Amino acid sequence: MSATAANHDSKYPLLSALAIALLVAALNIGLWWWGNLPNGPGDWHGQISGFAYSGFQRYQNPFNHDFPSDDQIEDDLKLLGRYTSRIATYSMLENPQVTRLAEKQGLKVMAGAQILKGMDGNEKEIDALIAQARRYPGTIDRVIVGNEVLYRNDVTPEQMMAYADRVRAALHQPVSIAEPDYIWLKYPELADHVDFITIHLFPFWNGVTVSSGENGKSDAVGQALGAYHAIQHRFPNKHIVVGEIGWPSNGDRQKQSYPSISNEAIFDRVWLNEAKKENIDYYLFEAFDQPWKEDLGEGRTGAYWGIFNADRQLKFPLTGPIIEDTNWPWKAIAASLLALLPMIWFARRFSRFKPMGRLFFCMLIQLACGLLTWSATLPFNFYLSWIDWTMLVLLFPAQIAILAILLINGFEFTEVLWRRSWVRNAGMLRPDRLEKQPFVSIHLACYNEPPEMVIITLDSLAALDYENYEVLVIDNNTKNPDVWKPVQAYCEQLGKRFRFFHLEPWPGFKAGALNFGLKETDPRADVVAVIDADYEVRHDWLSTLTGHFHDPKVAVVQCPQAHREFENNTFRRMTAWEYDGFFRIGMHHRNERNAIIQHGTMTMVRRSALEGTGGWSEWTICEDAELGLRLMHSGYDLVYVDELMGKGLTPADFKAYKSQRYRWAFGAMQILKGRWRWMTKAGPLSGGQRFHFLTGWFSWFADALHLLFSLMAIFWTAGMVAYPELFSLPMQLFLIPIIGFFFAKAIFGIVLYRARVPCSWYDTLMASLASMGLSHAIARGILHGLTREKTSFVVTAKSRRLGESSFAAFAPVREEMMMAFAISMCVVGIAMGYASHLIEGRLWIFILCAQSIPYFSAVAGAWIAHRAGDKAG
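Residues numbered from 1 in each chain as written. Predicted model: local features only at pLDDT ≥ 70, side-chain atom pairs only at ≥ 80, totals over all residues. Heavy atoms only, no water.

Caption draft 1: Highlighting the nonpolar core. Formed by 129 residues in total, the largest nonpolar core has its most connected members in Trp-697 and Trp-844. Here the element with the most residues in this core is helix H29 (residues 839-872); it accounts for 12 residues. With sequence-adjacent residues up to four places away left out, Trp-844 is seen in contact with Phe-709, Ala-713, Thr-717, Met-720, Leu-729, Pro-730, Leu-735 and Ile-830. In terms of nonpolar packing, the next biggest core, distinct from the first, is built from 83 residues, Tyr-53, Leu-77, Ile-140 and Ile-231 among them. (Core = buried A, V, L, I, M, F, W, Y, C linked by side-chain atoms within 4.5 Å. Buried < 20%, exposed > 50% of the residue type's maximum accessible area, 1.4 Å probe, protein only. Helix = DSSP H or I, 4+ residues; strand = E, 2+ residues; numbered from the N terminus. Contact = heavy atoms within 4.5 Å.)

Have a look at this one:
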């Protein structure tokens, strides 16, 4: 971006914000318009040859013995009489009044007898057919014995021919059997037992496109005509009736056949014109949508073949252009208006971002509002069952949460990539003269740590290039004297600057030990520094950073939590780079609004602020993060210096790695509950601080949602496999945003890592594996933290447990293994069932596979840790 453009943005922030917001809103409306471009199949004028008619209304179902009334059928027939003079029916027993009511409307009926496997029912249907055809000879002009009976393999061809012969002998009206075209070619002898041939043509199920072919005809219509001509050629002396032909307006895609209103309009209108040209006798399938047909094994598609919807409204005009969604302008405007003010606010509030960044995030806002509008309105395009509405009620809030997490992650992505510069960017300072050096009391709390590891840390502290400091080593509750006494002896050897305390028993975990240290701190101390027992610090740690405390508003100076000795160990390497991501990306993002997470190592705190706000909190196992929040609430600044001033050891194995992250997640929820009012009500915390402390843990909430969604998915999939009549596939509107979120989050994470973390592509992918492997531990920490008050403080092991078997290596991930196995079985169950050929079934399989990734990642992480430990040993 040129300097002129940058100056213009800073000079006229509201004007540039309006321009960006209006541009994105216009693009949104343009996309809705593009998705609903009118199609122009040939107009249809005149009467339709006939309609296949089922009279069941929106919520009626023959399986529940819920049938339409005379008034409802009469209203249907009055409506159809405006478009045709003929209807075809399928059963004489379900709605026997149709013929009588059709006679009142002057409609001709091709009456059908329903033939199924049960012989008794077939006899009753045939008797009723014969009786009605004799009673209404002027209305019933044709009769059909059975509808796709041989296609379903319900009875034999011989039985069907016997039924047809019997009806022909009893009636004067012409008689036929209705079957798909290929059945007539398979059993040509059927033609000798009927007066005319009735074929069903559904190119949709053959997976062909509805688009225009070489002769201006629809490919699908061309295939239907080809099938009609083949039957005509095979049976030249028989009249051919197309008993069913049509295209669905909604449901599941079939290869290249896509159900939509525009495609139904194109197919039907092209067919009507072609049939008129060739003088084809046909009945359009069907008059009205029949929602109950979703239960017949065709998936959702079975409900949407009508020219009219279930509310008896014409789906598309028979003349003029066709628009897929006639309500799209209102939806587009609603989505744009919903996004407009948030976009203007963001683009103006963050005018310091580069224009591309503001444009990108405004597009994310518009996308989220568009998805909300789409998700809220799309269900009304379907005939949803109570199960579908239950899924909607359960998943719609989850979709809102997903969009919120996407926007939060997108804000971090935008700020990190498209900032012009960091607003708050602290660095190393020139060392103070001796007389100006603040006195620093360094506190090192340890519990059952290997003495040789602690001694390395003490040596690095002894080598500090600083005069005014002391070191307090506080060992709390280590039982074995062989562990803590060597550290005590070494402190005595280092001199009076190093003081050792052994506390047993002592409450409060690490916070309790640090509070003890506060009481023992030298009165001269202005600053309290805390490091972990495994850290080697740089000699200039204090000399180059304590100068920040000359500003009385600064309460904390925090450096990254970095690691050493990981380069040649696959597990330690992947975890080291996983940790690094937060300190290179998230901490900078939070630091812009003075909202960093204080960590319990490589941190320095102003003593007066620490003591003045109550010391270290012993009610939470994340006393460090709680202290940082408390200091912000008291009006202090926290400074983040992205300089590796000390390096520790990564967790020794996957069990320790999981345990640490579980503790952090549990402690975060303790803080959230304990300081909820601070974060949700106006007060000393700024809006940016409240934002980060409320939303900064949203990614962890996403892990908890992931666990709950996985358990729901396993339950629902088991239901679909065992009881398909009760459990149906979730609709695409539930699935597509979830898949989009999965890809967006993966892309955001990888792009930010490549931009900010100085590691290779291999390390980036391995860090991603490590991060995903923690998902279950974080989810358990979140859920336990929300429902429990306290948990045990487990110290993160930094040295490997000896003698661990290969089997024992997987013990820490047994829950993840069970989840991975259960989801895998769900995938197999869906893949082997009927749903695998449906687009929703394939989307569901994809989601299940995506859901399994964190669990397989945890298993892989445990195995990598075990193998890396074996090699190290």
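Having seen the structure, we can now continue with the description.
Caption draft 2: Seen up close, the packing of aromatic side chains. With the rule as written, the count across this model stands at 50 aromatic pairs. Taken together, the ring pairs in this structure connect Phe-202, Phe-204, Trp-205, Trp-247, Phe-267, Phe-285 and Trp-305 into an aromatic cluster. Taking the ring centre of Phe-288 as reference, the NZ or CZ of Arg-312 above it sits at 4.2 Å. It is Arg-675 that lies over the ring of Trp-678; its NZ or CZ is 4.2 Å from the centre. (Phe/Tyr/Trp six-rings, centres within 6.5 Å; stacked < 30°, edge-to-face > 60°. Lys NZ or Arg CZ within 6 Å of the ring centre and 35° of its normal.)

Caption draft 3: Helix H28 (residues 814-832), seen in detail. Taking 1.5 Å per residue as the helical rise, H28 with its 19 residues ought to reach 27 Å, and the 27 Å between its terminal C-alpha atoms agrees with that figure. All of the buried residues along H28 are Glu-816, Met-819, Ala-820, Ile-823, Cys-826, Val-827 and Ile-830. Projected onto a plane normal to the axis of H28, the buried residues spread over an arc of 120 degrees and lie on a single side. For H28, exposure combined with an orientation more than 90 degrees from the buried face picks out Arg-814, Met-818, Phe-821 and Met-832. (Expected span 1.5 Å × (residues − 1). Arc of directions from axis to C-beta.)

Caption draft 4: Local environment of the sheet that holds strand S11 (residues 498-503). Across the sheet, seven strands lie side by side as S11-S10-S9-S12-S16-S14-S17; this open sheet has mixed pairing. A single partner strand is all that each edge strand has here, and the edge strands are S11 and strand S17 (637-640). Across the sheet, the mean angle from the axis of one strand to that of its neighbour is 20 degrees, orientation sign disregarded. Examined bridge by bridge, strand S14 (residues 554-558) and strand S16 (residues 603-606) share three bridges and lie antiparallel to one another. Counterpart to Gln-558 in the pairing with S16 is Thr-603. Across the face of the sheet, helix H15 (residues 481-494) comes into contact with strand S10 (469-476) and S11 while running at roughly 155 degrees to S11. Packed on one face of the sheet, helix H19 (residues 623-633) meets S14, S16 and S17 and runs near 130 degrees to S17. (Pairing = 2+ DSSP bridges. Axes fitted to C-alpha atoms, helices over the stretch in contact; angles between N-to-C directions.)

Caption draft 5: Layout of the side chain of Glu-294. One can find Glu-294 in the loop between strand S8 (281-284) and helix H11 (328-349). Dropping the residues within four chain positions of it, Glu-294 is found in contact with Gly-299, Arg-300, Ala-303, Tyr-304 and Tyr-383.

Caption draft 6: Layout of a nonpolar patch on the surface. Among the surface-exposed residues, Ile-29, Trp-330, Ile-333 and Leu-337 lie close enough to one another that they form a single nonpolar patch of about 440 Å² accessible area. If you tally residues by element for the nonpolar patch, the top one is H11, at three residues. Among the secondary structure elements, Ile-333 is positioned in helix H11. (Patch = residues over 30% accessible without salt bridge, like charges linked within 9 Å, V, L, I, M, F, W, Y side chains within 5 Å. Areas by Shrake-Rupley, 256 points an atom, 1.4 Å probe, with all protein chains shown as cover. Salt bridge = Lys/Arg side-chain N within 4 Å of Asp/Glu carboxyl O.)

Caption draft 7: Region of interest: the confidence of the model for the protein chain. The predicted model of the protein chain has a mean per-residue pLDDT of 91, with 95% of residues at 70 or higher. Within the model, pLDDT remains below 50 along residues 1-8, and this stretch shows five contacts once partners closer than five positions in the same chain are excluded. (pLDDT = per-residue confidence, 0-100.)

Caption draft 8: Focus on the pairing of strand S9 (residues 440-446). Buried residues dominate S9, accounting for seven of its seven residues. Here S9 shows a buried face lined by Val-440, Ile-442, Leu-444 and Cys-446 and a second buried face lined by Ser-441, His-443 and Ala-445. Following the chain from S9 across helix H14 (residues 451-462) to the adjacent parallel S10, one finds a crossover that is right-handed. Note: S9 against strand S12 (residues 527-530), four bridges, orientation parallel. Of the residues in S12, the one forming a bridge with Ser-441 is Val-528. (Right-handed = clockwise from strand over helix to strand, strands pointing away.)

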